[in-house]
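Next come the chains, spelled out residue by residue.
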Amino acid sequence: MAKKYTLLETLDYLLDLSEPESCLEDTEADDSEPEDCNPPEENTGLEEDYQESDEEQGLGRASSSQVIKLTPGPTRFAISRVDDIKSAFLLFFPSTIQNILVEMTNLEGKRVLGDDWRDVDWTDMEAYIGLLLLAGVYRSNNKALSSLWEAETGRAIFRAVMSLRRFRRLSKVIRFDDRATRPARRETDKLAPIRDVWNLWVERLPLMCKPGLDITVDECLVPFRGRCPFKQYIPSKPAKYGIKIWAACDARTSYAWNMQVYTGKPSDGPPERNQGMRVVLDLTTGLQGHTVTCDNFFTSYALGQELLRRKLTMVGTVRKNKPELPPALLTTRDRVCFSSIFAFTETHSLVSYCPKRGKNVLLMSTCHRDANVSDRQDKKPGVILDYNRCKGGVDNLDKMVASYSCKRKPNRWPMVVFSTILDVSAINAFVVWREVNPSWERGKNYKRRLFLEKLGKDLVSPHMERRKSQPHAPASAAVLKRMQDSSNAPGPSTEPPSSKRKRCQVCPRAKDSKTDRQCANCEKAICAAHTVYLCQMCMD
């Protein structure tokens, strides 16, 4: 059963209402009703403006003529620069970021180790990043480094790339800013140790891919229990302690289009008001014609009005302590299960859905224009179905990061932020690569693992090719030799193969086995009995 109320005279009144200060600024915002930090007004005067109506407007979502036509997917800038998996990843690491990493790491290495420090270049940094990614692919990011470099039980590729001593030194001295000038910058910016790298990286995200029609805005919690001036405690999250990051993602692909680190309350002055509205407006700057899906921490009437001015629409759950909500939508007494009550203004629509007796869910939308109810058994409104379809964009990004995260257990929070940059860049690169090459590894269910493994090996290959010292472990030495031999091997011959069959040079001469096959390495004629078949993974 669906009831619909029409609101005609209250638009000006709603515009004058101020959003109350949220009591959950540093805690997780979920769909349950929080403790009232600003209890709703007993009588807002809005119930007199609601009139019950049984007719439906039949407008549905916003007219297609009002939606800006955009083609989602990689931009021309990205497509023109993606030749292989490694190039897709390096889209998010321009020369400015590379120079900061190399220069600041060498500066810190000389300060800490003095004459014992050997300067690194970007090839060394690529190898270091590649090993971090490979450790995440192999689910070994939390294992001790000594076990990864173990000659018998460890991974051969780790010893083949660099020594354990070299890796530990890089982990110790890698920096993202000048430590000498950091105290002055830290007085006004808590993110000063990695601010330059973070800003340059975030600027690259919207340049590589255009999101689809639906955008999800939510928060991520990067687990960390060390010392950090803006560490958050969110008991509803699995990790509970960590660094909170606001994110705007494409609802379909979970491409991270914009991100923002939450550095906590300001050290001086009053707490931030209307934080949820400010975050959504910041993260969606530059978008038009999209629908923003968010939870009740962000959703408000004022946010919907401001997004409409920017040619954006909104769908989200609403907290029950909002003063603009009429009591007709809040009450659950005598409500029938699976019933819905609708209310409309010229720009907004509200729905109160009762999933079970004594409980209701409130949603606000600026892109739905009718009291549409599905034909399902639970009779959910179309607003709720659209919200459920798009609300998991950021949560899916968290899930993918946790599956193959390269984050180890560092003592420095800037390394936690840098590991997040690597993980999100790998996911974004995977999205871009699949859009550019839709037929890549078609039919396999573990494409992202194959992508990350290939990316890690491509990043460490240049460092392995120029390495002069040989590892002591036979398996690692064999991996290094194969890499160096393949890089020094001559390219394939441009001459067409001869159609004349030749005698197999492995079989005894008396057998006189004729064949048209030849070895891919030495180009000797070989018959089927002496041909070895390897899969692509074993060849890699």
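Presented here is an overview of the structure given in this document. (Residues numbered from 1 in each chain as written. Predicted model: local features only at pLDDT ≥ 70, side-chain atom pairs only at ≥ 80, totals over all residues. Heavy atoms only, no water.)

## Focus: unusual backbone geometry
- With phi around 55°, Lys379 is a residue other than glycine that occupies positive phi space.
- Checked against the element boundaries, Lys379 lands in the loop between β13 (359-365) and α14 (382-390).
- Given a relative accessible area of 39%, Lys379 falls into the partly exposed group. (Helix = DSSP H or I, 4+ residues; strand = E, 2+ residues; numbered from the N terminus. Buried < 20%, exposed > 50% of the residue type's maximum accessible area, 1.4 Å probe, protein only.)

## Thoughts on the nonpolar core
- By size, the foremost hydrophobic cluster in this structure holds 122 residues, and its most contacted members are Phe89, Trp198 and Trp201.
- A total of 15 residues in this core trace back to one element, the largest contributor, which is helix α16 (residues 413-436).
- The contact partners of Trp201, leaving out residues within four places of it in the chain, are Phe92, Ile97, Met259, Ile421, Val424 and Ser425.
- Among the nonpolar cores identified, the runner-up in size contains 11 residues, and Tyr353, Val383, Ile384 and Tyr387 belong to it. (Core = buried A, V, L, I, M, F, W, Y, C linked by side-chain atoms within 4.5 Å. Contact = heavy atoms within 4.5 Å.)

## Concerning the packing of helix α11 (residues 275-283) against helix α12 (residues 301-309)
- Running from N to C, α11 and α12 cross one another at 20°; their axes reach a closest spacing of 10 Å. Accordingly, the angle class assigned to the pair α11 and α12 is roughly parallel. Between α11 and α12 the crossing geometry is right-handed. Side by side, α11 and α12 meet where Met277, Val280 and Leu281 of the first sit next to Ala302, Leu303, Glu306 and Leu307 of the second. (Axes fitted to C-alpha atoms, helices over the stretch in contact; angles between N-to-C directions. Parallel < 35°, antiparallel > 145°, perpendicular 65-115°, else oblique. Left-handed = near helix turned anticlockwise from the far one by under 90°.)

## As for the packing of aromatic side chains
- Tallied over the entire structure, the rule returns 16 aromatic pairs.
- Taken together, a centroid distance of 5.1 Å and an interplanar angle of 35° make the contact between Phe89 and Phe93 tilted. Here Phe89 and Phe93 have matching classes, each one buried.
- Between Trp246 and Phe297, the aromatic rings sit 5.8 Å apart at their centres with planes inclined by 10°, giving stacked as the arrangement. Taken together, the residues Trp246 in strand β7 (residues 241-250) and Phe297 in the loop between β9 (291-294) and α12 connect sequence positions 51 residues apart.
- Phe297 sits in the buried class, given a relative accessible area of 6%.
- The residue whose ring lies beneath Arg155 is Tyr138, and the NZ or CZ to ring-centre distance is 3.8 Å.
- In this structure, Arg166 packs its charged tip against the face of Trp117, placed 5.3 Å from the ring centre. (Phe/Tyr/Trp six-rings, centres within 6.5 Å; stacked < 30°, edge-to-face > 60°. Lys NZ or Arg CZ within 6 Å of the ring centre and 35° of its normal.)

## Notes on α12
- Regarding α12, the residues found buried are Tyr301, Leu303, Gly304, Gln305 and Leu307.
- Just beyond α12, the residue with positive phi is Lys311, at close to 65°.

## Concerning the pattern of salt bridges
- Taken as a whole and assessed by the stated rule, the structure comprises 24 salt bridges.
- Lys110 is the salt-bridge partner of Asp119, the closest N and O atoms lying 3.7 Å from each other.
- Two residues, Lys457 and Glu453, come together in a salt bridge whose shortest N-O distance is 3.7 Å. A residue pair is termed a helical-turn pair when its members lie 3 or 4 positions apart in one helix, as Lys457 and Glu453 do in helix α17 (residues 447-465) at 4 residues. Both residues of the pair, Lys457 and Glu453, belong to the buried class. (Salt bridge = Lys/Arg side-chain N within 4 Å of Asp/Glu carboxyl O.)

## Here we look at the packing of helix α4 (residues 95-113) against helix α10 (residues 195-208)
- Relative to each other, α4 and α10 sit at 160°, their axes nearing to 10 Å. Here α4 is positioned roughly antiparallel relative to α10, judged by the angle of their axes. Crossing of α4 over α10 shows left-handed handedness. Between α4 and α10, the residues in contact are Thr96, Ile97 and Ile100 and Asp196, Val197, Leu200 and Trp201, respectively.
- Looking at the contact of α4 with α10, its residues break down into 5 nonpolar, 1 polar and 1 charged. (Nonpolar A, V, L, I, M, F, W, Y, C, P; charged D, E, K, R; others polar.)

## Section: the side chain of Thr123
- Locating Thr123 in the fold gives a position in helix α5 (residues 122-137).
- For Thr123, a relative accessible area of 19% corresponds to the buried category.
- Residues in contact with Thr123, not counting those within four places in the same chain, are Pro462, His463 and Arg466.

## Things to note about the pairing of β9
- Burial along β9 is two-sided: Thr291 and Thr293 and Val292 and Cys294, pointing in opposite directions, are all buried.
- Examined bridge by bridge, strand β5 (residues 214-223) and β9 share 3 bridges and lie parallel to one another. Residue pairing in the sheet places Asp214 in a bridge with Thr291 of β9.
- Here β9 runs beside strand β10 (residues 313-317); their pairing, made up of 4 bridges, is parallel. Counterpart to Cys294 in the pairing with β10 is Gly316. (Pairing = 2+ DSSP bridges.)

## Focus: the side chain of Ser365
- Here Ser365 shows up in strand β13.
- For Ser365, a relative accessible area of 1% puts it in the buried group.
- For Ser365, the side chain forms a polar contact with the side chain of His368, separated by 2.7 Å.
- In this view, Ser365 contacts Met314, Val315, Thr347, His348, Ser349 and Val383; residues no more than four positions away in its chain are not counted. (Polar contact = N/O pair within 3.5 Å; in protein donor to acceptor, adjacent residues only side chain to side chain.)

## Structural notes on the environment of Asp516
- Along the chain, Asp516 falls in the loop between β15 (514-515) and α19 (536-539).
- Classification of Asp516 by relative accessible area gives exposed; the value is 57%.

## A few points about the pairing of β7
- The buried fraction of β7 amounts to 9 of the 10 residues, a majority that puts the element mostly inside the structure.
- In terms of strand pairing, β5 meets β7 through 9 bridges, oriented antiparallel. Looking at the pairing, Val222 lines up with Ile243 of β7.
- Here strand β6 (residues 232-233) runs beside β7; their pairing, made up of 2 bridges, is antiparallel. Pairing of Tyr233 across the sheet is with Tyr241, part of β7.
- Relative to strand β8 (residues 256-261), β7 is paired through 5 bridges, and the arrangement is antiparallel. Counterpart to Ala247 in the pairing with β8 is Met259.
- Hairpin connection, β7 to β8: the antiparallel pair is bridged by 5 residues, and Ser254 has positive phi, about 65°.

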